[in-house]
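Spelled out, the chains give:
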Amino acid sequence: TRKSSRREMIDKLGWGNTTATLRWNRQLGRRGFVNTTFYHTRYRFSMLSRERRITDSTQTSENLDFGSSVWDYSLKTDIDYYLSRRHTLRAGGQWIGHGFSPRRYSAGNTATGFSNRVSEFERNQEIALYAEDRFMLNERWEASFGLRFSTLLTTGKDFFRPEPRLSVSHRLPG
C-alpha cells in the first residue's frame, strides 16, 4: 500500500504602530492657559512560521513564533501665564509609563517533543516637573531660564536629575 502525505506551511510577518491622543485646553482668565495631553503609542513586530506534516498514520508539526513590542502611556500638563506681551511664565509636569518586550518567542516540534518559550518584559516610569521664565528684552532678543526635575523609576534603581535651562536667542534683521 502507498502512504499518502500532505504538508501545510504558514509563514506570516507582521508589524505596526498604534497611536491615540486626547487633548484638553482651557483658558484661565485673560492671561492663563492650561493644556493637558494624554497619549498612548505601541509598536509591535511578529514573525510566525508553522509547518505541519500529515501522513496516514502520523501528524507532526514545527512551530516558531517570535515577537517584540514597545509601548508608552503619557499624561502631560502645561500651564502658560502671560504677565505681559513680553513676559511669560510656564510650568508643567509629565508622567510616562514605558513597556518593553524585546524578546518573546516560542518554538516546538511534536516529532521530537522539543518545546521552548521565552518572554521578557520590562517596565519603567518617567516623571518630570518644570518651571520656566521667558521674556523678550527687545524686538530682537529673547531669553529664558528655568529648571526641570526628572526621575526615571526602574526595577532595582531610580534616577533623579535636576536639569537647569538657559536659552538666549537673537532674531536677525530681514
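**Observations concerning the overall build of the chain**
- Counting its regular elements, the chain contains 0 helices and 8 strands.
- Against the 2.2 N^0.38 benchmark of 16 Å for 174 residues, the chain shows a C-alpha radius of gyration of 28 Å, more extended than a compact globule.
- Per-residue burial for the chain yields a buried fraction of 23% across its 174 residues.
- Sequence-distant contacts in the chain: of pairs separated by 6 or more residues, those separated by 24 or more amount to 57%.

**Side note on the pattern of salt bridges**
- Summed over the entire model, instances satisfying the criterion amount to 15 salt bridges.
- With its nearest N and O atoms 3.1 Å apart, the salt bridge here joins Glu-51 to Arg-7. Residue Glu-51 is found in strand β2 (residues 32-55), and its partner Arg-7 is found in strand β1 (residues 5-28); the two are separated by 44 residues along the sequence.
- Each of Arg-7, Glu-51, Arg-53 and Glu-62 takes part in a single network of salt bridges with overlapping partners.

**Some thoughts on a nonpolar patch on the surface**
- Together, Leu-13, Trp-15, Tyr-43, Met-47, Leu-64, Val-70 and Phe-100 make up a nonpolar patch on the protein surface, roughly 660 Å² of accessible area in all.
- Secondary structure elements with two or more residues in the nonpolar patch: β1, β2 and β3 (59-84).
- Mapped onto the elements of the fold, Tyr-43 is located in strand β2.

**Considering the pairing of strand β4 (residues 87-109)**
- Two strands pair when backbone bridges link them, and β3 and β4 are joined in this way by 21 bridges, in the antiparallel orientation. The residue bridging Gly-67 from the neighbouring strand is Arg-104, located in β4.
- Remark: 4 residues form the turn of the hairpin made by β4 and strand β5 (residues 114-119), two consecutive strands paired antiparallel; Gly-113 in that turn has positive phi of roughly 80°.

**Considering the packing of aromatic side chains**
- One pass over the full model with this rule turns up 7 aromatic pairs.
- On the numbers, 6.2 Å between centres and 70° between planes, the contact of Phe-135 with Phe-145 is edge-to-face. In this pair, Phe-135 sits in strand β6 (residues 122-136) while Phe-145 sits in strand β7 (residues 141-153), placing the two residues 10 residues apart along the sequence.
- Taking relative accessible area as the criterion, Phe-135 reaches 23% and is therefore assigned partly exposed.
- When the ring of Phe-149 is compared with that of Phe-160, the centres are 5.9 Å apart and the planes differ by 10°; the resulting orientation is stacked. Taken together, the residues Phe-149 in strand β7 and Phe-160 in strand β8 (residues 158-170) connect sequence positions 11 residues apart.
- Using a relative accessible area of 48% as the deciding quantity, one classes Phe-160 as partly exposed.
- Among the aromatic residues, those joined into a cluster by ring pairs are Phe-38, Trp-71, Tyr-73 and Phe-121.

**Examining the environment of Ala-20**
- Tracing the chain through its elements places Ala-20 in strand β1.
- The sequence separation of Ala-20 and Tyr-73 amounts to 53 residues, and the corresponding C-alpha distance is 9.6 Å.
- Once residues within four sequence positions are removed from consideration, Ala-20 is found in contact with Phe-38, Tyr-39 and His-40.

**Looking at the side chain of Gln-94**
- Among the secondary structure elements, Gln-94 is positioned in strand β4.
- For Gln-94, the side chain forms a polar contact with the side chain of Ser-74, separated by 2.9 Å.
- Leaving out residues up to four positions away in the same chain, Gln-94 has contacts with Tyr-39, Ser-74, Leu-75, Lys-76, Glu-126, Ile-127 and Ala-128.

Parameters at a glance
- Residues numbered from 1 in each chain as written.
- Predicted model: local features only at pLDDT ≥ 70, side-chain atom pairs only at ≥ 80, totals over all residues.
- Heavy atoms only, no water.
- Helix = DSSP H or I, 4+ residues; strand = E, 2+ residues; numbered from the N terminus.
- Rg over C-alpha atoms; globule rule 2.2 N^0.38 Å.
- Buried < 20%, exposed > 50% of the residue type's maximum accessible area, 1.4 Å probe, protein only.
- Contact = heavy atoms within 4.5 Å.
- Salt bridge = Lys/Arg side-chain N within 4 Å of Asp/Glu carboxyl O.
- Patch = residues over 30% accessible without salt bridge, like charges linked within 9 Å, V, L, I, M, F, W, Y side chains within 5 Å.
- Areas by Shrake-Rupley, 256 points an atom, 1.4 Å probe, with all protein chains shown as cover.
- Pairing = 2+ DSSP bridges.
- Phe/Tyr/Trp six-rings, centres within 6.5 Å; stacked < 30°, edge-to-face > 60°.
- Polar contact = N/O pair within 3.5 Å; in protein donor to acceptor, adjacent residues only side chain to side chain.

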